[in-house]
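Examining the three-dimensional arrangement
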Amino acid sequence: MKKLYTLLTCIIALSASAQTFDEVLSRIVNSNPDIAALAQNNNATIESLASENNLADPEISARHLWGHDGNNKMGFGISQSFDWPGLYSARSKSINATKAALSELYTASVLDKTLEAKLLMIDFIAAKCNYSYFTCVKENMDSLQTKYSEAYSKGEVSVLDLNKIKIERIKVAKQANECKLRCENIRAEIASLTTDKDAVAMLDNINDYPADAILSESEYENLINQNDPNIAYYEAMTTVADRNISVAKMQGLPGFSLGYEFEREEGTNFNGISFSMSLPFFSGRHKKSSAISEKAAYETTLISEKIKALSQMRALRSEAKTLYEEVNDYASIISDNSHLYLLKKALEGGEINLFTYIQELNYFIEAKSDYQDLVYQYNQSLTKLNRLKLVK
């Protein structure tokens, strides 16, 4: 339960922007209807498991017999059947192990939903960053268009130059609108994950990616061994299979039935007890071998899951490191929007002509877009890599 609580309340805050990001993420996950439904299904399954270890219902019987000579005979009885005593303990251990497995399966589902929501939020931030940049470019073009319109009215520039500015402004405005539409589409996807409308509205307050860092390979290995709910699930299911072997052994032992009997014949009352034994010569066949095979299957799957988790971690870590280096190469050159100011200043100062300005502007727009896409890819990769940090 501690693991689930930490996962649902989400993540240690590292900065003011991270607190906002994590608060929204936590609210989205906590109000996700799929998770709520899964919790209810889990509870129903656990209750169903508990009922499997109950005693059988008591049986009541009654009889009335007629004789040819007019003598009648009547009687009734009540009996209770039960399995070999050790079977109840074995079943109880199996049920407890199954509960632990279901808990890990639930944790895995919550983690998947948390990761889905977090990746969508990163998509949203990337779209907002692109929209902010193209809005800035558009405002820059608006200013130039106003100046060129005034210059054209005075006969200082040609209509061709004015139209070039207008065309470039339209292109930039189109890109800004596409980014805005992308933001709204992602917002709708996030809204489909939650019943908390306020959490969706809070997306507008998120402008920065969550603060996080690449850990060492050994730290990720520890996270996989300690926090991976998929691996924990298969470990728990291996324990369940082991407990089921004990159950299968016990099911091969006899069951019993004890009862009280009363009969009345020719005015005489008879009281007594009844006893019967069931010998599971046929019903217990192959159960033990099936349980042993099931345990071997889970052990093999567990090994496979560990290998897959380590392999995916190393691939993601390598990808994140490469993207981090590429982001840093760009960051010192084009992380801000100073190129827009410098290009406009050069154009207005006569250092470059309009044709060169448009060429250079498109060059820097492409470079800025590449940089922002790298930052987005890095944060996507880092989020996937650090997903187990959500489980404490």
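Residues numbered from 1 in each chain as written. Predicted model: local features only at pLDDT ≥ 70, side-chain atom pairs only at ≥ 80, totals over all residues. Heavy atoms only, no water.

Considerations on the pattern of salt bridges
Overall, the coordinates contain 21 salt bridges when judged by the stated rule. We note a salt bridge from Glu116 to Lys113, for which the minimum N-O separation is 3.6 Å. Taken together, the positions of Glu116 and Lys113, both in helix H4 (residues 85-153) and three residues apart, correspond to about one turn of that helix. The exposure class of Glu116 is partly exposed, given its relative accessible area of 34%. Of the charged contacts in the structure, one is a salt bridge between Arg314 and Glu217, with a shortest N-O distance of 2.9 Å. Here Arg314, found in helix H9 (residues 287-334), pairs with Glu217, found in helix H7 (residues 217-227); they are 97 residues apart in sequence, far enough to count as distant. (Salt bridge = Lys/Arg side-chain N within 4 Å of Asp/Glu carboxyl O. Helix = DSSP H or I, 4+ residues; strand = E, 2+ residues; numbered from the N terminus. Buried < 20%, exposed > 50% of the residue type's maximum accessible area, 1.4 Å probe, protein only.)

Regarding the side chain of Asn140
Here Asn140 lies in helix H4. Residue classification places Asn140 among the buried residues on the basis of a relative accessible area of 10%. In this structure the side chain of Asn140 is engaged in a polar contact, spanning 3.0 Å, whose partner is the side chain of Tyr357. Excluding residues that lie within four positions of it along the chain, Asn140 makes contacts with Leu340, Lys344 and Tyr357. (Polar contact = N/O pair within 3.5 Å; in protein donor to acceptor, adjacent residues only side chain to side chain. Contact = heavy atoms within 4.5 Å.)

A look at helix H3 (residues 33-51)
In this model H3 runs 27 Å from its N-terminal to its C-terminal C-alpha over 19 residues, within 8% of the 27 Å that 1.5 Å per residue would give. Taken as a whole, H3 has its buried residues at Ile35, Asn42 and Leu49. In a view along the axis of H3, the buried residues occupy a sector of 40°, so they form one face of it. Those residues of H3 that are exposed and aimed more than 90 degrees away from the buried face are Gln40 and Glu47. If you check the start of H3, you find a side-chain oxygen 3.0 Å away from the backbone N of Asp34, and it comes from Asn32. (Expected span 1.5 Å × (residues − 1). Arc of directions from axis to C-beta.)

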